[in-house]
Amino acid sequence: MVARFLANSALADTAAAWARDFRLLAPVREGQAVVYRAWAKDMHPFLGRPPTCSAKEALLPQTENLLTYTYRKDQADLTRTEVFVAEPLPPEPTLLLGARPCDARGRKLLDRVFLERGVEDPLYAAKRRNTLFVTVACERMENTCFCHWTGGGPTSEEGSDVLLFAVGADGGGYVAKALTPEGERLLDKLPEASRAAQEELAAKLASPPSQAVPGPAPDLSAAPERFLKLFGNMDFWMDESARCLSCGVCTYLCPACSCFNITDENSGMKGKRLRTWDTCMSALYTLEGSGHNPRVSRAHRLRNRVGHKFCYHPQEFPKDAGAQPEFSCTGCGRCIKSCPVSVDIRRVVLDLMEKGDAS
Ligand code: SF4
Ligand code: SF4
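Residues numbered from 1 in each chain as written. Chains lettered and ligands numbered in written order. Predicted model: local features only at pLDDT ≥ 70, side-chain atom pairs only at ≥ 80, totals over all residues.

Caption draft 1: Spotlight on the overall build of the protein. Secondary structure assignment for the protein yields eleven helices and eleven strands. Computed over C-alpha atoms, the radius of gyration of the protein comes to 23 Å, within 12% of the 21 Å expected from 2.2 N^0.38 for 359 residues, which places it in the range of a compact globule. For the protein, the C-alpha atoms occupy an extent of roughly 75 × 65 × 40 Å along the three principal directions. By the burial criterion, 35% of the 359 residues in the protein qualify as buried. Of all intrachain contacts in the protein linking residues separated by at least 6 positions in sequence, the fraction that spans at least 24 positions is 70%. (Helix = DSSP H or I, 4+ residues; strand = E, 2+ residues; numbered from the N terminus. Rg over C-alpha atoms; globule rule 2.2 N^0.38 Å. Buried ≥ 20, exposed ≤ 12 C-beta atoms within 10 Å, placed from the backbone. Contact = placed C-beta atoms within 7 Å.)

Next comes the structure, spelled out in structure tokens:
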């Protein structure tokens, strides 16, 4: 495929052209945060650092209308009430600009949950078929990133339709590489990347700066067994979770966390059924109607979150013997960066690798 060039000076116009064919979500700066917003005139996409929130909102919105319903009394027989149900309109074709490779890999993990467990989630499936990702390769990893621990990397192509590589040649911009036929169609109006831009990119990829990847990745292939060895060691989990506030930020920002709740909002004789993000880090998540709570402490809840990502998921979706397990974590580091008390999932995983080996 021909490599194209997206000049910095052409970014806003190119995004505006895409917005004519798609519901375009693009990252913009709001205070200290970088958040995805629906395209609006005079918007300036900001691709300079990974967005604060993950890209999962394009496929699994924070709040989503599953259906609306209306009750109507049968005027000929007032003992009868009919219910009319309306499904939401099909999702618009959507283009998400500015995700990072860890987010694009998160799509595969969401697919596992919503498409590959025997029952397809129709709303998710419709969005998935209709959504393209134009992803920005990372020039260097932040000190909270660890995508290379979990099978990815700053230039991973998995899950993207287009990957943009920043270069300084030709006034600055991105060498754009199409990874799918849909991605190729998106780029067909962009000029071909110059030889200088392609050579600059090739040189960067051949010898990335030493700080681009912080340290070698540990071998986590035994993580599922080590976790099971420590499952009943509540002293270990109480130590690891001692600071946790149960705020749930880690799960809300995670590109791979997929838990949701479903509630009905009534207003008189009509209402809507909503799906909203939920968090396993909340005490209410597993509270049963009887008052019993099987995950009664923060230690139980952190154990579940780490166990799901590094044990239950790889057990449910096993890889061939000798291959790196698939974890339900892309190593994006958002849970570390935004945790108000700096609970670091890397530390928890390294501790369980070490202490699970000794136990
Ligand atoms: S973000 Fe930190 S404090 Fe909040 S629930 Fe997650 S681990 Fe606990
Ligand atoms: S667990 Fe943390 S590092 Fe892993 S994908 Fe979720 S937010 Fe990112």
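So much for the structure itself; the text now carries on.
Caption draft 2: Spatial organisation of the domain arrangement of the protein. Considered domain by domain, the protein is made up of domain 1 (4-212) and domain 2 (223-358). For domain 1 and domain 2, the distance between their C-alpha centres works out to 25 Å. On the domain 2 side, the residues contacting the 33 residues of domain 1 number 29 residues. Taken together, the elements giving at least two residues each to the side of domain 1 that touches domain 2 come down to β4 (63-73) and α2 (101-114). For the side of domain 1 that touches domain 2, the per-class residue count stands at 15 nonpolar, twelve polar and six charged. (Domains from an automatic or database assignment. Nonpolar A, V, L, I, M, F, W, Y, C, P; charged D, E, K, R; others polar.)

Caption draft 3: View of the site of ligand 2. If you check the shell around ligand 2, you find 13 residues, and the closest are Cys-254, Cys-329, Cys-332, Arg-334 and Cys-335. Of the residues in the shell around ligand 2, the class split is eight nonpolar, three polar and two charged. (Near = placed C-beta within 6 Å.)

Caption draft 4: Structural view of the sheet that holds strand β11 (residues 270-277). Taken in spatial order, the four strands line up as β5-β4-β11-β10 in an open sheet, and their pairing is antiparallel. Both edges of this open sheet fall to β5 (81-86) and β10 (260-267), since each of them pairs with a single strand only. Pairs of neighbouring strands in the sheet enclose a mean axial angle of 25°, with direction left out of account. (Pairing = 2+ DSSP bridges. Axes fitted to C-alpha atoms, helices over the stretch in contact; angles between N-to-C directions.)

Caption draft 5: Summary view of the sheet that holds strand β8 (residues 162-167). With mixed pairing, seven strands are arranged side by side in an open sheet as β1-β9-β8-β7-β6-β2-β3. Each edge of the open sheet is held by one strand with a lone partner, namely β1 (4-7) and β3 (33-38). Averaged over all adjacent pairs, the angle separating strand axes in this sheet is 25°, with direction ignored.

Caption draft 6: Quick look at the packing of helix α7 (residues 234-241) against helix α9 (residues 298-316). At a minimum axis distance of 8 Å, the contact between α7 and α9 shows a crossing angle of 90°. As summarised for this structure, α7 and α9 are arranged roughly perpendicular, according to the angle between their axes. Residues Met-234, Trp-237, Met-238, Glu-240 and Ser-241 of α7 form the contact with α9, whose participating residues are Arg-298, Ala-299, Leu-302 and Arg-303. Here the contact of α7 with α9 is built from residues that sort into five nonpolar, one polar and three charged. (Parallel < 35°, antiparallel > 145°, perpendicular 65-115°, else oblique.)

Caption draft 7: How the structure looks around the nonpolar core. Core analysis: the largest hydrophobic core is formed by 74 residues, its most contacted members being Leu-164 and Val-175. Mapped onto the domain boundaries, this core takes at least three residues apiece from domain 1 (4-212) and domain 2 (223-358). Apart from the residues within four sequence positions on either side, Val-175 is in contact with Ala-3, Phe-5, Phe-165, Val-167, Ala-193, Ala-197, Gln-198 and Leu-201. (Core = buried A, V, L, I, M, F, W, Y, C linked by C-beta atoms within 7 Å.)

Caption draft 8: Highlighting unusual backbone geometry. The phi dihedral of Asp-42 falls on the positive side, at around 65°, and the residue is not glycine. Note that Asp-42 resides in the loop between β3 and β4. Judged by local crowding, Asp-42 falls into the exposed class, with 6 C-beta atoms found within 10 Å. For Asp-170, which is not a glycine, the phi torsion comes out positive at approximately 55°. By secondary structure assignment, the location of Asp-170 is in the loop between β8 and β9 (173-178). Judged by C-beta crowding, with 16 C-beta atoms within 10 Å, Asp-170 ranks as partly exposed.

Caption draft 9: Structural view of helix α6 (residues 223-230). Looking only at α6, the buried set comprises Ala-223, Pro-224, Arg-226, Phe-227 and Leu-230. With its buried residues spanning 165° around the axis, α6 presents them on a single face. Packed against the buried residues of α6 are α7, α9 and α11 (345-358). (Arc of directions from axis to C-beta.)

Caption draft 10: Quick look at the pairing of strand β2 (residues 23-30). Taken together, the three bridges between β2 and strand β6 (residues 94-99) define a ladder with parallel strand orientation. Residue pairing for β6: Leu-25 is matched across the bridge by Leu-96. Here β2 pairs with β3 via six bridges, running antiparallel. The residue of β3 that forms the bridge with Pro-27 is Tyr-36. Where β2 folds back on β3, the antiparallel hairpin that results is connected by two residues, among which Gly-31 adopts a positive phi of roughly 60°.

Caption draft 11: Geometry of the packing of α6 against α9. Where α6 contacts α9, the axes come no closer than 9 Å and their chain directions differ by 115°. Considering how the two elements wind past one another, α6 and α9 form a crossing that is left-handed. Contacts between α6 and α9 involve Ala-223, Pro-224, Phe-227 and Leu-228 on the former and, on the latter, Gly-307, Phe-310, Cys-311, Pro-314 and Gln-315. By residue class, the composition of the contact of α6 with α9 is seven nonpolar, two polar and no charged. (Left-handed = near helix turned anticlockwise from the far one by under 90°.)

Caption draft 12: Local environment of the environment of Ala-76. Within the secondary structure, Ala-76 sits in the loop between β4 and β5. Separated by 72 residues in sequence, Ala-76 and His-148 place their C-alpha atoms 67 Å apart.

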